[in-house]
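Fold and contact review
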Amino acid sequence: MGMELEGEMEEYIDTGEIEYDDSDVVAHIRGILLQVAKGGKSEYHDLVGKLNQPGRDPDEVASLVMCLKGLSGAVAFIDIVRHESLLQAILGMSMWRYNPDVMDVLVDLIIRLATSSGEFLDSCLNMLVTNFTPPFKIDLDTPRGVVKKEQVLDRVHSALINITELVPLVPMRLVPILLYQMPHTNADEQMMALYAESMLRLECGPIGEFVGSTMLLALVDRLVELDVEIEWDDIEQSESNKGIFHMDLEDIDGEDNGYGLAKTIKLPPNLDITNEIARRLAYLKKYSQNLDYLLVLIFQHLKSCAENGRLAKVFPTLLQSFHDTVLNTQKSKFAQFFMFYACSLDPEVCGMSFLFMLRDVFLCNTGIQLTRMSSVAYLASYLSRAKFLAGHIIASTLQRLVNWCVEYCQFVGAEEKTLNPEAHRLFYSGCQAIIYVLCFRMREMLDDPDQKSIILGFPLQRIFRDPLDPLKVCLPLVVDEFLKQAKAASLITASENFLFKNLLESDLSKAFGGVERLDMFFPFDPCLLKRSERFIKPIFLHWSDVVPPYDDEEDFEEQLGDEVDDHLSDDDIEDSMNKMSITPKSSLKVSMGGDHKMIPQRMPARIRPSTSPS
């Protein structure tokens with residue numbers, strides 16, 4: 001012990017039986033650092049070189065551990081200018097490449113470096129955040145991969161906590177680094193998932209009080225960003241309603257790769273866009289998988305929050321994020337399910353808070369019209385699909401919507417009461433919400449005496465026979481189903497038939513929806529993402545679970561007599577029972593050198609059925 005250390009590092013790093021005092025190593029490293037100012041850089045370059053070693057064999061590991069220990073004791077002598085290459089080597093190290101012995105001394109060095117001087121703080125925080133993800137692909141489906149992940153992330157998060165305890169301003173410096181390093185929407189799915197996992201770990205950890213809400217807001221924003229990359233053109237439901245994503249191209253055959261994306265595509269010889277299709281499919285696969293993985297992580301995190309009594313604490317942030325980000329994203333397809341799932345974990349508090357927010361946004365006369373229309377569409381879909389909502393809550397909410405529609409009819413002067421979908425689209429949105437919910441919930445509410453008295457008291461005739469004539473403007477297929485049920489339940493008696501068989505939409509409906517097509521927007525239609533769908537399925541009311549008030553289609557045809565078109569086939573009639581899911585379709589545009597070519601798209605003759613997954 002206490003032996004003189006001289007020459008290059010090999011002279012005191014040995015794999016033999018001799019042990020060296022750490023203080024001697026620190027003294028030697030300190031000497032090397034001080035010599036740089038005097039022009040002595042030979043040993044300094046050797047030191048930097050040892051930090052850049054892969055650390056695979058025992059000699060390299062022992063050398064690396066000794067160097068890192070020495071540097072930890074000599075951080076006060078590291079100069080940000082003179083020792084730039086040394087700092088680059090330290091901060092460029094990835095813990096994923098080393099064994100736990102190297103990880104431990106590296107973490108100790110980073111903590112000491114971060115807390116020794118404000119000059120190094122941001123660089124050290126950036127290095128730790130970089131270690132949220134590996135620089136190479138790791139098999140997380142194997143025990144070895146899981147152990148490696150736990151070894152690295154446990155140390156990274158422990159280091160962040162230790163630095164925060166010593167430097168209270170760390171959260172303020174950490175947040176912009178976390179947001180900046182967040183993987184892009186088309187990043188590798190493993191990188192996206194691991195980074196999101198660390199963000200959620202920060203949210204529920206010791207420094208979550210300072211950064212937690214920002215982490216949740218950022219993750220919801222990323223959900224939406226991924227969601228909007230997937231267009232309705234890219235979505236089609238299979239017969240079993242499993243979640244799939246692929247191009248629904250007219251006259252184009254493709255093999256499936258197991259995730260619902262076309263693996264190979266045969267294009268007409270004169271349509272030279274094969275590369276663009278392949279590129280689009282590759283991106284689409286990334287977007288869909290990243291969105292699916294991210295939703296699953298958020299679902300698991302919310303479940304953990306509920307089990308640990310933290311859901312009430314994080315829910316206001318989720319509600320704010322939904323209101324500010326998701327609500328005004330036209331035709332969001334999947335991102336909104338984080339809110340649906342959160343509400344299911346605490347229906348009485350969270351579920352009601354969400355409902356009240358949607359209701360109040362719609363009823364607020366000073367709100368933006370498109371936001372109000374979107375809000376009532378969400379409200380209708382939520383009331384229709386959420387199994388966890390009590391029936392009396394659904395009935396009382398419908399009562400508020402009905403009262404609003406009656407008041408609107410009374411407020412509009414006689415000279416304004418014309419079929420003008422554009423002028424009265426908020427009213428038509430409210431009417432459509434009412435009839436959509438009743439399509440899903442009428443039978444169960446009629447079976448409850450208290451709820452039955454409420455809905456039988458709805459002044460529906462007053463609304464639907466008003467000169468504004470909402471049944472001619474709302475989405476025909478929804479009106480169709482509503483009239484069947486309402487007549488069977490004696491809710492209304494209609495003197496005019498409003499059956500719009502085999503029509504996707506009427507001109508009036510299209511006008512009321514505007515360019516945003518909010519007439520076709522029921523945002524909690526079945527979740528088509530196969531991993532996250534398993535969380536939603538137990539709490540979700542599928543159309544196949546609905547028992548309408550009429551007994552069967554034959555009885556209904558008998559009741560209507562000549563009102564049913566003779567040319568309709570049995571399949572057409574059966575389909576009318578199943579078209580309670582809205583899946584707008586439009587042609588896929590592929591950008592090619594600034595021009596847009598339209599790829600032939602198969603358009604649905606009717607709204608795709610919403611049935612329970614097999």
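Read on for an overview of the structure. (Residues numbered from 1 in each chain as written. Predicted model: local features only at pLDDT ≥ 70, side-chain atom pairs only at ≥ 80, totals over all residues. Heavy atoms only, no water.)

Topic: the packing of helix H12 (residues 311–326) against helix H13 (residues 337–345)
It is at 11 Å that the axes of H12 and H13 come closest, and there the two elements cross at 150 degrees. By the angle class used here, H12 and H13 are roughly antiparallel. Considering how the two elements wind past one another, H12 and H13 form a crossing that is left-handed. Every residue of H13 that contacts H12 at Leu311, Phe315, Leu318, Leu319, Phe322 and Val326 is listed here: Phe338, Met339, Ala342, Cys343 and Leu345. Of the residues that constitute the contact of H12 with H13, the class distribution is 11 nonpolar, no polar and no charged. (Axes fitted to C-alpha atoms, helices over the stretch in contact; angles between N-to-C directions. Helix = DSSP H or I, 4+ residues; strand = E, 2+ residues; numbered from the N terminus. Parallel < 35°, antiparallel > 145°, perpendicular 65-115°, else oblique. Left-handed = near helix turned anticlockwise from the far one by under 90°. Contact = heavy atoms within 4.5 Å. Nonpolar A, V, L, I, M, F, W, Y, C, P; charged D, E, K, R; others polar.)

Focus on the side chain of arginine 385
Along the chain, the position of arginine 385 falls in helix H15 (residues 369–385). Among the polar contacts listed, one links the side chain of arginine 385 to the side chain of aspartate 525, at a separation of 3.3 Å. (Polar contact = N/O pair within 3.5 Å; in protein donor to acceptor, adjacent residues only side chain to side chain.)

Concerning the environment of cysteine 527
With respect to the helices and strands, the residue cysteine 527 is situated in the loop between helix H21 (507–513) and helix H22 (533–536). Of the residues examined, cysteine 527 reaches a relative accessible area of 4% and is grouped as buried. In this structure, the C-alpha to C-alpha distance between cysteine 527 and lysine 333, residues 194 residues apart in sequence, is 8.1 Å. Once residues within four sequence positions are removed from consideration, cysteine 527 is found in contact with Phe334, Phe337, Ser532 and Glu533. (Buried < 20%, exposed > 50% of the residue type's maximum accessible area, 1.4 Å probe, protein only.)

Some remarks on the pattern of salt bridges
Following the criterion strictly, the structure yields 17 salt bridges and no others. One salt bridge in this structure joins aspartate 104 and arginine 155, with 2.7 Å as the shortest N-O distance. Remark: arginine 155 occurs in helix H7 (residues 143–166) and aspartate 104 occurs in helix H5 (residues 100–116); sequence separation between them is 51 residues. Owing to a relative accessible area of 40%, aspartate 104 belongs among the partly exposed residues under this scheme. Here arginine 441 ties to glutamate 444 by a salt bridge, and the two come within 3.2 Å at their closest N and O atoms. With arginine 441 and glutamate 444 both in helix H17 (residues 425–446), this residue pair falls 3 residues apart, about one helical turn. (Salt bridge = Lys/Arg side-chain N within 4 Å of Asp/Glu carboxyl O.)

Observations concerning the side chain of serine 332
Note on placement: serine 332 falls in the loop between H12 and H13. A polar contact of 2.7 Å, which involves the side chain of serine 332, links it to the side chain of glutamine 336. With sequence-adjacent residues up to four places away left out, serine 332 is seen in contact with Asp227, Val326, Tyr378, Phe521 and Pro523.

The analysis is restricted to geometry; functional conclusions fall outside its scope.
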